[in-house]
Each structure stands twice: as structure tokens, then as C-alpha cells.
Amino acid sequence: DQQVKQNSPSLSVQEGRISILNCDYTNSMFDYFLWYKKYPAEGPTFLISISSIKDKNEDGRFTVFLNKSAKHLSLHIVPSQPGDSAVYFCARTRINDGGSQGNLIFGKGTKLSVKP
Amino acid sequence: NAGVTQTPKFRILKIGQSMTLQCTQDMNHNYMYWYRQDPGMGLKLIYYSVGAGITDKGEVPNGYNVSRSTTEDFPLRLELAAPSQTSVYFCASSFRQGATGSPLHFGNGTRLTVT
């Protein structure tokens, strides 16, 4: 019962262009969405998050958009840099959900390759 | 700060053997978690702890045990290793529970192979 879906296993973009990573979710009870970035042989690192009361959140080159009617989340990276090449995971959690709050549900990830 | 430290980085086990994956954090975080990542899949929560002496099951706890005797340490125990436990294991910690302003900090993982 996958509640967070990343349907594109990989994405390749040219340096300087926009990277758009997509994520769909199947349960509208989630209150918080996050993006994590993972380099090989390292643990995931937090990138950016958005709560369900917002449509957009920006942090430098990274912007996350939330379309609640479509149950769709996207991460925009502008401009893309070779150092952005990594696997990106979207995840969701629920605010104030008692004991299971820490239970991040992860998508399968999208491998981004930014070519110089 | 070292953050979250996991040992060992790699391990090969024979079926039926046991081992403990070590995890320690130096950020004074109350909340700690163990995830596993199978090839081509997202991370799945095995166990978590909201403080010393308190642990609870996550999504895939079967075959594992945990303990939390101190704030810093959260070891994961495999008692009877099975091939299905071949995976990469990540330990994480957070200041507060949940996502709001308190992202998880992950260690670099332990790659375990059971043959």
C-alpha cells in the first residue's frame, strides 16, 4: 500500500536548466511533506519541506510545490548544478499523530543526473 | 559534531547468525529511528524511540530488537539472520518528533548481506 509514489526512477538534465522531480500521494490525511537528498554511501539529508496549509515553499535554488487537489508534490531545482546529482526521496508524515509521528513514509526515489 | 554515527559500515552474516548494529548520536536528540532500504525501494521504519527506556515498533519490526538505555545510543539487534534481512540500515535522530521544523538526521548506513 504505497502512499507516496515517485513514478520516475531517473531524470537527466543539463547544467543550468531546471530539474523537476515529482511525487504523488494517495492519502489526504498527511499534513507534512518533505524532500530528502541522498548521495551514494551516505545517509539521506533533509532538503526542504512543506505543510499542507501551504502551496509553495522556497529555499534558495529549491522550491517545493503542493497541489492538494491533484495530490501532487513537486521539487524544482533552478539552476541545476552537477553537485545536485543524487537520489531524491519525497516523504510524508502526519503532524500530531501521537506515537507514529516519526514514521516518515518514503517514496522509492528519483535519481537525478545533472550533466555539465 | 559527529552527528549520527553507525558501525559497522559493512557486514556479511551467515544465515542464523546474530549481530548488533550500533548507532550513537551526539546532538542530544530524544528521538531515534532505525530504517532499512532495500534496492530500488524507499526507506521503511523498523523501530523508533522517543527517549531513553522507550521504544516502539515501526512498519517492519519482525526479526529485529532494539534497546535505548541512554539518550545517545540506539542499537539494533538481529537474532537469527535471514536472507530477507539483506539491506542497508540507516539510523536517524531528531530533536522533536515529527516533521515540523525538526528533520531527521541520518547516519551513513550499514550495508548488511546475509548469505
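Up top is the structure these notes are about.
Parameters at a glance
Residues numbered from 1 in each chain as written. Chains lettered and ligands numbered in written order. Predicted model: local features only at pLDDT ≥ 70, side-chain atom pairs only at ≥ 80, totals over all residues. Heavy atoms only, no water. Pairing = 2+ DSSP bridges. Helix = DSSP H or I, 4+ residues; strand = E, 2+ residues; numbered from the N terminus. Axes fitted to C-alpha atoms, helices over the stretch in contact; angles between N-to-C directions. Buried < 20%, exposed > 50% of the residue type's maximum accessible area, 1.4 Å probe, protein only. Salt bridge = Lys/Arg side-chain N within 4 Å of Asp/Glu carboxyl O. Polar contact = N/O pair within 3.5 Å; in protein donor to acceptor, adjacent residues only side chain to side chain. Contact = heavy atoms within 4.5 Å. Phe/Tyr/Trp six-rings, centres within 6.5 Å; stacked < 30°, edge-to-face > 60°. Lys NZ or Arg CZ within 6 Å of the ring centre and 35° of its normal.

Undergrad: So what's going on with the sheet that holds strand β1 (residues 4-7) of chain B? Which residues, and what values?
TA: Backbone-to-backbone hydrogen bonds join strands into a sheet, with any given pair of strands oriented parallel or antiparallel. Residues and elements named next belong to chain B. Reading across from one edge, β1-β3-β8-β7 is the order of the four strands in this open sheet, with antiparallel pairing throughout. Every interior strand has two partners, whereas the edge strands, β1 and β7 (64-66), have only one. Neighbouring strand axes in the sheet, compared pairwise and without regard to direction, differ in orientation by 20 degrees on average.

Undergrad: Lay out unusual backbone geometry with the relevant residues and their values.
TA: For residues that are not glycine, phi is negative in most cases, and the peptide bond is trans in most cases. Residue A:P79 is bonded to the preceding A:V78 through a cis peptide linkage, with omega at -15 degrees. Take A:P79: it is sitting in the loop between β8 (72-77) and β9 (86-93). Notably, A:A41 is not glycine yet its phi reads approximately 65 degrees, a positive angle. Residue position: A:A41 is located in the loop between β4 (32-38) and β5 (45-51). A relative accessible area of 69% places A:A41 in the exposed class. A positive phi angle is found at B:N28, which is not glycine, with a value near 60 degrees. Assignment of secondary structure puts B:N28 in the loop between β3 (19-25) and β4 (31-37). Judged by relative accessible area, which is 57%, B:N28 ranks as exposed.

Undergrad: Hey, could you go over the pattern of salt bridges for me, with residue numbers and the actual values?
TA: All names here are of chain B. Applying the stated rule across the entire model yields five salt bridges over all chains. In this structure, D38 and R36 form a salt bridge, with 2.8 Å as the shortest nitrogen-oxygen distance. Relative accessible area serves as the criterion here: at 26%, D38 is assigned to the partly exposed category. By relative accessible area, which is 11% here, R36 ends up buried. The closest approach of N and O atoms between R77 and E79, which form a salt bridge, is 3.2 Å. Residue classification places E79 among the partly exposed positions, given a relative accessible area of 38%.

Undergrad: Give a description of the sheet that holds strand β7 (residues 62-67) of chain A that names residues and reports values.
TA: Residue and element names in this part refer to chain A. One open sheet holds the five strands; their spatial order is β1-β3-β8-β7-β6, and the pairing between them is antiparallel. If you trace the sheet from one side to the other, it starts and ends with β1 (4-5) and β6 (56-59), each paired once. Bridge count for β6 against β7 is four bridges, and the pairing is antiparallel. When the bridges of β7 are listed, N57 appears paired with V64.

Undergrad: I'd love a proper account of the side chain of B:R68, names of residues and values included.
TA: Residues and elements named next belong to chain B. Its place among the elements puts R68 in the loop between β7 and β8 (76-78). A distance of 3.1 Å separates a polar atom in the side chain of R68 from the backbone oxygen of T70. Here R68 is in contact with Q25, H29, N30, M32, S49, V50, G51, A52, G53, T55, D73 and F74, once residues within four sequence places are set aside.

Undergrad: Please set out the packing of aromatic side chains residue by residue, giving values where relevant.
TA: Inspection of the entire model under this criterion finds 10 aromatic pairs over all chains. Both rings, one in A:Y36 and one in A:F46, keep their centres 5.8 Å apart while their planes meet at 70 degrees; by these two values the pair is edge-to-face. Taken together, the positions of A:Y36 in strand β4 and A:F46 in strand β5 put the pair 10 residues apart, joining distant regions of the chain. On the basis of relative accessibility, which here comes to 0%, the residue A:Y36 falls in the buried class. A:F46 sits in the partly exposed class, given a relative accessible area of 32%. Over the ring of B:F74 we find B:R68, and its NZ or CZ is 5.9 Å from the ring centre.

Keep in mind that these numbers describe shape and distance, not what the molecule does.
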